[in-house]
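As a plain string of letters, each chain reads:
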Amino acid sequence: MSDKRASFETPFDQVNAWLAEATESEPNDPTAMALATATPDGFPSVRMVLLKGCDADGLVFYTNLESRKGGELAQNPNAALLFHWKTLRRQIRVEGAVEPVTDAEADAYFASRPRASRIGAWASQQSREMEGRFEFEGAIAKYTAKFGAGDVPRPDYWSGFRLKPRYFEFWRDRKFRLHERITYRLDEAAQDWQLAELYP
Ligand SMILES: Cc1cc2nc3c(=O)[nH]c(=O)nc-3n(C[C@H](O)[C@H](O)[C@H](O)COP(=O)(O)O)c2cc1C
């Protein structure tokens, strides 16, 4: 990739550099990003998830595979991510298709989570209707007793996805709405990134 507008080796480096700045300035959840999915017939839905890794292989997040997002991604792997850091007045858009992470990756990440979060993954039937909070609390008590002081393994319906980007856009605030928009589009044949600049 060679272009005078590129101040980073790759768009993944730029995500990580902006994320490092956001980690200094944001009061909460600098890794939070909106994840947009769509049904096969094109009805979109969006929600926040946390970024758990970004490198040349893609951007990783974890979730319940039986959730609404999990169901939509199983049928249509195309998705989009959006970061917005108010303290920095910056936005990053990412588009691509997701692939499942490996079981080993999901196991390692799951094992790093607090015990109560791991039990919560067993107790929550994410995105499905529940009778009331008491039902959820009952499930938490059930799994707390079941696992006792032992290991809390990863449920097989809980794992991660890696979004493999085809497109990035880095948006930076400028005075009088004269913002800066730099895009990177993957040239699949050359396996290289094509840079462009868009009108704000
Ligand atoms: C800041 C923030 C971070 C979140 N991170 C995650 C996450 O990493 N994984 C996840 O499954 N849900 C996460 N959630 C909850 C989701 O936004 C959503 O409520 C849940 O995953 C169910 O979405 P669905 O019904 O579209 O599948 C987060 C919510 C917020 C507000």
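Details of the structure are given in the entry above.
Residues numbered from 1 in each chain as written. Predicted model: local features only at pLDDT ≥ 70, side-chain atom pairs only at ≥ 80, totals over all residues. Heavy atoms only, no water.

Some words on the layout of surface pockets
In this structure, the largest pocket encloses a volume near 310 Å³. What lines the largest pocket is a set of 15 residues, and nearest its centre among them are Y62, T63, R113, Q126 and W158. The residue makeup of the lining of the largest pocket, split by class, is six nonpolar, six polar and three charged. By volume, the second largest pocket amounts to about 260 Å³. A123, S124, Q125, M130 and F136 are the residues nearest the centre of the second largest pocket, which is lined by 15 residues in total. For the lining of the second largest pocket, the elements supplying multiple residues, two or more each, are α4 (115-123) and α5 (133-147). Among the elements that take part in the lining of the second largest pocket, α5 stands out by supplying five residues, more than any other. Of the residues assigned to the lining of the second largest pocket, the class counts are seven nonpolar, four polar and four charged. (1 Å grid on protein atoms, 1.4 Å probe; cavity = no way out; pocket = protein on both sides within 12 Å on 5 of 7 lines; lining within 4 Å. Points joined across faces, edges and corners; volume = space filled by probe spheres on them. Nonpolar A, V, L, I, M, F, W, Y, C, P; charged D, E, K, R; others polar. Helix = DSSP H or I, 4+ residues; strand = E, 2+ residues; numbered from the N terminus.)

Description of the side chain of S45
When you line up the elements, S45 lands in strand β2 (residues 44-50). Among the residues examined, S45 registers a relative accessible area of 9% and is labelled buried. If near-sequence neighbours (up to four positions away) are discounted, S45 is found in contact with L35, A36, T37, R68 and E72. (Buried < 20%, exposed > 50% of the residue type's maximum accessible area, 1.4 Å probe, protein only. Contact = heavy atoms within 4.5 Å.)

Observations regarding the pattern of salt bridges
Across all of its chains, the model carries ten salt bridges by this definition. Among the ionic pairs, E105 bridges to R162, the shortest N-O distance being 2.4 Å. Of the two residues, E105 sits in helix α3 (residues 103-112) while R162 sits in strand β7 (residues 158-172), which places them 57 residues apart along the sequence. Taking the relative accessible area as the measure of exposure, E105 reaches 25% and is therefore partly exposed. Two residues, E169 and R181, come together in a salt bridge whose shortest N-O distance is 2.8 Å. Note that E169 is positioned in strand β7 and R181 in strand β8 (residues 180-187), a separation of twelve residues in sequence. Exposure class is identical for E169 and R181. Each is buried. A cluster of three or more residues bridged by salt bridges with shared partners is formed by R93, E169 and R181. (Salt bridge = Lys/Arg side-chain N within 4 Å of Asp/Glu carboxyl O.)

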